[in-house]
Amino acid sequence: MMTKSIIFENFKFMLDKLKDNFFQGFYTDAQDLRDTMIKLLGDTTEENVLEPCFGQGAFIKNLLGSPTSIDACDIDKKHFEMDYNIPNCEYYNMDFIDYFINPEKKLFSLKNNYDSVICNPPYGLNFTINYRNLIKKKYPDLYAKESYALFFYFAINLLKKSGRYVFIIPDTFLTSKNLSYMREFIVGYAKPTHIIQF
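So, how was this worked out
Residues numbered from 1 in each chain as written. Predicted model: local features only at pLDDT ≥ 70, side-chain atom pairs only at ≥ 80, totals over all residues. Heavy atoms only, no water. Buried < 20%, exposed > 50% of the residue type's maximum accessible area, 1.4 Å probe, protein only. Helix = DSSP H or I, 4+ residues; strand = E, 2+ residues; numbered from the N terminus. Arc of directions from axis to C-beta. Contact = heavy atoms within 4.5 Å. Disulfide = S-S within 2.5 Å. pLDDT = per-residue confidence, 0-100. Phe/Tyr/Trp six-rings, centres within 6.5 Å; stacked < 30°, edge-to-face > 60°. Salt bridge = Lys/Arg side-chain N within 4 Å of Asp/Glu carboxyl O. Polar contact = N/O pair within 3.5 Å; in protein donor to acceptor, adjacent residues only side chain to side chain.

(A) Region of interest: helix 3 (residues 129-138). When we look at burial in helix 3, the residues that qualify are Tyr-131, Arg-132 and Ile-135. Looking straight down helix 3, one finds that the buried residues subtend no more than 100° of arc, so they occupy a single side. Away from its buried face by more than 90 degrees, helix 3 exposes Ile-129, Asn-130 and Lys-137. Where helix 3 is buried, its residues meet helix 2 (96-101) and helix 4 (147-156).

Below you can see the structure in the form of structure tokens.
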């Protein structure tokens, strides 16, 4: 059975393309949430897995099965100082959102047919007005002020048609008029099998 899941929880994290060049908040590494997400994603044996903001590797260190490949992305250079010793894992020090906003600047290419994605994206990043305008120019239907929605949209679009995903995101998209495009994207394209609200 194909599992596509969204898990909601309040959290924050990230930098770059921000008004101030420092972390805006925190991220969660709660073991019960991590274990739930990994179980929902299921066996990743012989799969290509994407983690677009791997942080300290909480998910990729604990995946079920033996993936063919894991592409682990993160903007924060300090996350590359540790040796995670994860088989078949490629690490990319990159701005995941900017990969799509400024594709001419990318130094490498991610796959466009991942079998699965697992992610605890940052939310509430404080992008500059110029950067938000650039996002709106390239993606006029997206809300440029909410980073978790951008991570979700871009990562899901890298999945192959039968791909699986598990995200932990705030539940604000359920009622926000600015995120109506996300609700439409979820119903029309992402089609989750589970939505679990904490």
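(B) Quick look at the state of the cysteines. Going through the model one piece at a time under the given rule, you end up with zero disulfides. Cysteine Cys-73 is unpaired, with the sulfur of Cys-53 as its nearest cysteine sulfur at 8.8 Å. Distance from the sulfur of Cys-89, which forms no disulfide, to the nearest cysteine sulfur (Cys-73) is 9.3 Å. For Cys-89, a relative accessible area of 12% translates into the label buried.

(C) Seen up close, the confidence of the model for the protein. Here the protein shows a mean pLDDT of 85. Residues at 70 or above account for 85%. Of all secondary-structure elements in the protein, the lowest mean pLDDT belongs to strand 1 (residues 4-8), at 46, while strand 2 (residues 48-51) reaches the highest, 98.

(D) Seen up close, the packing of aromatic side chains. In the structure shown here, the tally under the stated rule is 20 aromatic pairs. Between Tyr-165 and Phe-167 the ring centres are 6.3 Å apart and the planes differ by 70°, which places this aromatic pair in the edge-to-face class. On the basis of relative accessibility, which here comes to 1%, the residue Tyr-165 falls in the buried class. On the basis of relative accessibility, which here comes to 0%, the residue Phe-167 falls in the buried class. Each member of the aromatic cluster is reached from another via a ring pair, and the members are Phe-96, Tyr-99, Phe-100, Tyr-139, Phe-151, Phe-152, Tyr-153, Phe-154, Tyr-165, Phe-167, Phe-185 and Tyr-189.

(E) Local environment of the environment of Lys-106. As for its position among the elements, Lys-106 is in the loop between helix 2 and strand 5 (114-119). Considered as a pair, Lys-106 and Asp-95 are 11 residues apart in the sequence and their alpha carbons are 9.5 Å apart.

(F) Here's a closer look at the pattern of salt bridges. Throughout the structure, instances matching the rule amount to four salt bridges. Among the ionic pairs, Glu-104 bridges to Lys-138, the shortest N-O distance being 3.8 Å. Here the residue Glu-104 occupies a position in the loop between helix 2 and strand 5, and Lys-138 occupies one in helix 3, the gap between them amounting to 34 residues. Judged by relative accessible area, which is 37%, Lys-138 ranks as partly exposed.

(G) Local environment of unusual backbone geometry. In this model, Asn-85 sits at a positive phi of 50°, which is unusual for a non-glycine residue. Along the chain, Asn-85 falls in the loop between strand 3 (69-74) and strand 4 (89-93). Judged by relative accessible area, which is 64%, Asn-85 ranks as exposed. Residue Asn-88 is not a glycine yet carries a positive backbone phi of 60°. Residue position: Asn-88 is located in the loop between strand 3 and strand 4.

(H) Quick peek at the side chain of Glu-47. One can find Glu-47 in the loop between helix 1 (31-41) and strand 2. A distance of 3.1 Å separates the side chain of Glu-47 from the side chain of Ser-116, its partner in a polar contact. The contacts of Glu-47, once residues within four sequence positions are left out, are Pro-67, Thr-68, Ser-69, Asp-115, Ser-116 and Arg-164.

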